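Listed below are the residues making up each chain.
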Amino acid sequence: DAKTTQPPSMDCAEGRAANLPCNHSTISGNEYVYWYRQIHSQGPQYIIHGLKNNETNEMASLIITEDRKSSTLILPHATLRDTAVYYCIVHNAGGTSYGKLTFGQGTILTVHP
Amino acid sequence: GAGVSQTPSNKVTEKGKYVELRCDPISGHTALYWYRQSLGQGPEFLIYFQGTGAADDSGLPNDRFFAVRPEGSVSTLKIQRTERGDSAVYLCASSYDIMNTEAFFGQGTRLTVV
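If you're wondering where the values come from, they're calculated on a predicted model, not measured in any experiment.

Another point: the overall build of chain A. Counting its regular elements, chain A contains 0 helices and 9 strands. Scanning chain A from its N terminus toward the C terminus, one meets helices and strands in the order β-β-β-β-β-β-β-β-β. Computed over C-alpha atoms, the radius of gyration of chain A comes to 13 Å, within 12% of the 13 Å expected from 2.2 N^0.38 for 113 residues, which places it in the range of a compact globule. Its C-alpha atoms give chain A principal-axis dimensions of about 45 × 30 × 25 Å.

Moving on, we get to the interface of chain A and chain B. Accessible area lost upon the coming together of the parts is a frequently used measure of interface size. Counting residues at the interface gives 21 residues for chain A and 20 residues for chain B. Counting each side, the surface lost to burial between chain A and chain B is near 1,600 Å², with a carbon and sulfur contribution of 51%. Where chain A packs against chain B, one counts 0 salt bridges. Counting across the chain A and chain B interface gives 4 residue pairs in polar contact (both at pLDDT 80 or more). Within the residue set of the side of chain A that touches chain B, elements represented by two or more residues are β3 (32–38) and β8 (84–91) of chain A. Per-class residue counts for the side of chain A that touches chain B are 9 nonpolar, 11 polar and 1 charged.

Residues and elements named next belong to chain B. Here the structure, examined in full by the defined rule, presents 5 salt bridges over all chains. For the salt bridge of Arg-64 with Asp-86, the shortest nitrogen-to-oxygen distance reads 2.8 Å. Placement of the pair is Arg-64 in the loop between β6 (53–56) and β7 (65–68) and Asp-86 in the loop between β8 (75–79) and β9 (88–95), with a sequence separation of 22 residues. Here Arg-64 matches Asp-86 in class, with each residue buried. A single salt-bridge network, built from bridges that share partners, covers Arg-64, Glu-83 and Asp-86.

Rules behind the numbers
Residues numbered from 1 in each chain as written. Chains lettered and ligands numbered in written order. Predicted model: local features only at pLDDT ≥ 70, side-chain atom pairs only at ≥ 80, totals over all residues. Heavy atoms only, no water. Helix = DSSP H or I, 4+ residues; strand = E, 2+ residues; numbered from the N terminus. Rg over C-alpha atoms; globule rule 2.2 N^0.38 Å. Contact = heavy atoms within 4.5 Å. Buried area = accessible area lost by both parts, 1.4 Å probe. Salt bridge = Lys/Arg side-chain N within 4 Å of Asp/Glu carboxyl O. Polar contact = N/O pair within 3.5 Å; in protein donor to acceptor, adjacent residues only side chain to side chain. Nonpolar A, V, L, I, M, F, W, Y, C, P; charged D, E, K, R; others polar. Buried < 20%, exposed > 50% of the residue type's maximum accessible area, 1.4 Å probe, protein only.

Structure (structure tokens):
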């Protein structure tokens, strides 16, 4: 799976949009971009994933650049409960190790009142 | 149950002892995964199962670690001759099938080897 680069930490004001960037310049054509988050003392939680089109669900939006070398996770109205470590993962869902997610260091998002 | 259940939530053991960590996946999920997370790091893959068989055990650090899933549901991660470096949070996850990598994680078992 391709390597990802994320900023180690970010801050956001409550109620504002949180935009979390991820670089994955070596992504290949059959690799998806996944986002998970981990709230303190809990297991990771799936947020969203996409291949090349932008995706939206009840939790977040995922914007993938046209060349697929980077993406942004958007939490439209951040709350204090969104404070967590956010992991961007590039994963070949159809490859021989498709059950294996490779987590990096992630971005610590802190939402302030 | 509603989610992935791991027991115990905390385990303290002496160096050299044997430990077993249990994972109850979400009912109906055929894929089950084990990860290990050290302080300040992201989860690190250990092994995953599709049904009863280990589909990929490439993340197990050495032969002291072993995992089973005899009936395709509950899984046990077994660690022999524990070392202080084995101290970590051991996370279990499950998904509906192996192609669906929306995995649901448990709360983890915090293992401390003293």
